[in-house]
Amino acid sequence: MSSLHETNLQGRVAIVTGSGQNIGAAIARRLAEAGAAVVVNGHSSRENVDRTVSEIEVAGGRAVGVMADVSEPTEVARLGEETVAAFGPVDIAVSNVGQRLHKPFEDISVADWDRAIRTNLSSCFYLAHHVVPSMRERGWGRLIHISGYDGFTGHLTNRAYNIAAKAGMHGFSKALARELGPHGITANTVVPGDIDTERDWSQYPRATYEGVIGSIPVRRWGHVDDIAYACHYLCTTGSFMNGQAIHLN
């Protein structure tokens, strides 16, 4: 079914975690537009998940919503099982969940650290752990981890656990790329810069919407579709890209 110049995702099945809104929702919509059957995942807002599913269906795509906390391995296992029940084995797994809390290092508790690492980094492992065996069996798979440029530059203060987790995501991508590439599975990291999304500005105490624009040479925020199309590329014509970080910045 696959080819070097595959441009659509007809017959493919995708999970996109954290896809009730913002970047995740854009990725889910783009993969569905390209023909994939998509499982939209969220944890806190069923309303957001249902809205993304509805947008996909109205546009003629196929989608279902599955609520699951991807920081918990048993929940990720259930997410995978419900995906298989709805559409069949998973071909594309996009890990997009993240917490970006602003907290000085000495105020971070062990519980804070463990929760952030489980949410931002371990969730990638849990999802890959569940979907890779069937990908290997079928000789095709795409693993995509949505990181952040602070994980590469460390430019934000009071974000130790987020920076550590986002850097770890790319290390995980590189390890999987080396190990799973011979089996037709690629693993890459997509690194958003300043993307115009709904966010809690209290976690960005020294930044303003207008101030960020002034610091960007093209004088605009990135759009969620910039990230979505990068994911589409990795799932189609970008089959030679493996173990890399795509910086949309």
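These notes cover the structure that comes with them.

Reading the values: the criteria
Along every chain, residues carry numbers that run from 1 in the direction the sequence is written. The predicted origin of the model limits local features to residues at a pLDDT of at least 70 and limits the giving and counting of side-chain atom pairs to 80 or more, whereas totals for whole chains, interfaces and linings rest on all residues. Each side-chain value is derived from all of the structure's non-hydrogen atoms; neither hydrogens nor water enter the calculation. By the criteria applied, helices consist of DSSP H or I runs no shorter than four residues and strands consist of E runs no shorter than two, each listed in order from the N terminus. Here the expected length of a helix is defined as 1.5 Å per residue gap, with one fewer gap than residues. Here the term buried applies to any residue with accessible area under 20% of the maximum for its type, exposed to any over 50%, and partly exposed to those in between, with areas from a 1.4 Å probe on protein chains only. Any two residues whose heavy atoms approach within 4.5 Å at even a single point are treated as in contact. Helix axes are fitted to C-alpha atoms over the stretch in contact, other axes to C-alpha atoms as well, and angles between N-to-C directions run from 0 to 180 degrees. Geometric relationships in this document are graded by angle, where less than 35 degrees denotes roughly parallel, more than 145 denotes roughly antiparallel, 65 to 115 denotes roughly perpendicular, and other angles denote oblique. Less than a right angle of anticlockwise turn of the near helix away from the far helix marks a crossing as left-handed, whereas a clockwise turn marks it as right-handed. Residues are grouped as follows: Ala, Val, Leu, Ile, Met, Phe, Trp, Tyr, Cys and Pro are nonpolar; Asp, Glu, Lys and Arg are charged; every other residue, Gly included, is polar. The disulfide criterion used throughout: a pair of cysteine sulfur atoms within 2.5 Å. Each reported salt bridge corresponds to a side-chain nitrogen of Lys or Arg within 4 Å of a carboxyl oxygen of Asp or Glu. Whether two strands pair depends on DSSP finding at least two bridges between them.

Residues separated by three or four positions in an α-helix point in the same direction, a consequence of the helix having 3.6 residues per turn. Look at helix α8 (residues 224-235): 17 Å from first C-alpha to last across 12 residues, which is about the 16 Å you get at 1.5 Å a residue. All of the buried residues along α8 are Val-224, Ile-227, Ala-228, Ala-230, Cys-231, His-232, Leu-234 and Cys-235. In this structure, the buried side of α8 is in contact with α1 (22-33), β4 (92-95), β5 (141-146), β6 (185-192) and β7 (245-248).

Moving on, we come to the environment of His-129. Looking at the secondary structure, you find His-129 in helix α4 (residues 110-138). Separated by 53 residues in the primary sequence, His-129 and Val-76 place their C-alpha atoms 9.5 Å from one another.

All right, on to the packing of α4 against helix α6 (residues 160-180) then. Following both chains from N to C, one finds α4 and α6 inclined at 15°, their axes separated by 9 Å at the closest point. Taken together, the axes of α4 and α6 are roughly parallel relative to one another. In this structure, the crossing between α4 and α6 has a hand that is right-handed. Packed against α4, whose contacting residues are Asp-112, Trp-113, Ala-116, Ile-117, Asn-120, Leu-121, Cys-124, Phe-125, Ala-128, Val-132 and Arg-136, the element α6 presents Ala-160, Tyr-161, Asn-162, Ala-164, Ala-165, Gly-168, Met-169, Phe-172, Leu-176 and Leu-180 at the interface. Taken together, the residues that form the contact of α4 with α6 break down as 16 nonpolar, three polar and two charged.

What follows concerns the state of the cysteines. Summed over the entire model, instances satisfying the criterion amount to zero disulfides. Counting only cysteine sulfurs, Cys-231 is the nearest neighbor of Cys-124, a cysteine outside any disulfide, at a range of 12 Å. On the accessibility criterion, Cys-124 (1% relative accessible area) is buried. We note that Cys-231 lacks a disulfide partner, and the nearest cysteine sulfur, in Cys-235, lies 6.7 Å from it.

Now for unusual backbone geometry. Of note, Asn-22 is a non-glycine position whose phi angle comes to about 55°, a positive value. Structurally, Asn-22 is set in helix α1. Exposure remark for Asn-22: the relative accessible area of 22% places this residue in the partly exposed category. Look at Asn-158: it is not a glycine, yet its phi comes out positive at around 60°. When you line up the elements, Asn-158 lands in the loop between α5 (150-153) and α6. On the basis of relative accessible area, Asn-158 is assigned to the partly exposed category, the value being 27%.

The final tally for this structure, using the stated rule, is 10 salt bridges. Salt-bridge contacts for Asp-50 lead to Arg-46; the nearest nitrogen and oxygen are separated by 3.1 Å. With Asp-50 and Arg-46 both in helix α2 (residues 46-58), this residue pair falls four residues apart, about one helical turn. Note on Arg-46: relative accessible area 40%, which makes it partly exposed. Residue Asp-150 pairs with Arg-159 through a salt bridge whose shortest N-O separation is 3.4 Å. Using a relative accessible area of 5% as the deciding quantity, one classes Asp-150 as buried.

In terms of residue burial, β6 counts as a mostly covered element, since eight of its eight residues are buried. Side chains of β6 alternate between two faces, with Ile-185, Ala-187, Thr-189 and Val-191 and Thr-186, Asn-188, Val-190 and Pro-192 buried alike. Strand direction decides the pairing type here: β5 and β6, joined by six bridges, are parallel. Across the sheet, the residue bridging to Gly-141 is Ile-185, located in β6. Looking at chain direction, β6 and β7 are connected through four bridges and run parallel. Following the sheet pairing, Val-191 is matched in β7 by His-247.

Now for the sheet that holds strand β2 (residues 37-42). Pairing is parallel in the open sheet, where seven strands are placed in the order β3-β2-β1-β4-β5-β6-β7. On the outer flanks of this sheet lie β3 (62-67) and β7, each paired with one strand and no other. Between one strand axis and the next, the sheet turns through 20° on average, direction left out of account. Sheet topology places strand β1 (residues 13-16) next to β2; four bridges connect them, and they run parallel. Of the residues in β2, the one forming a bridge with Val-16 is Val-40. Strand contacts of α2: β2 and β3, with the helix running at about 170° to β3, the strand carrying the most contacts.

These values are about where atoms sit, not about what they do.
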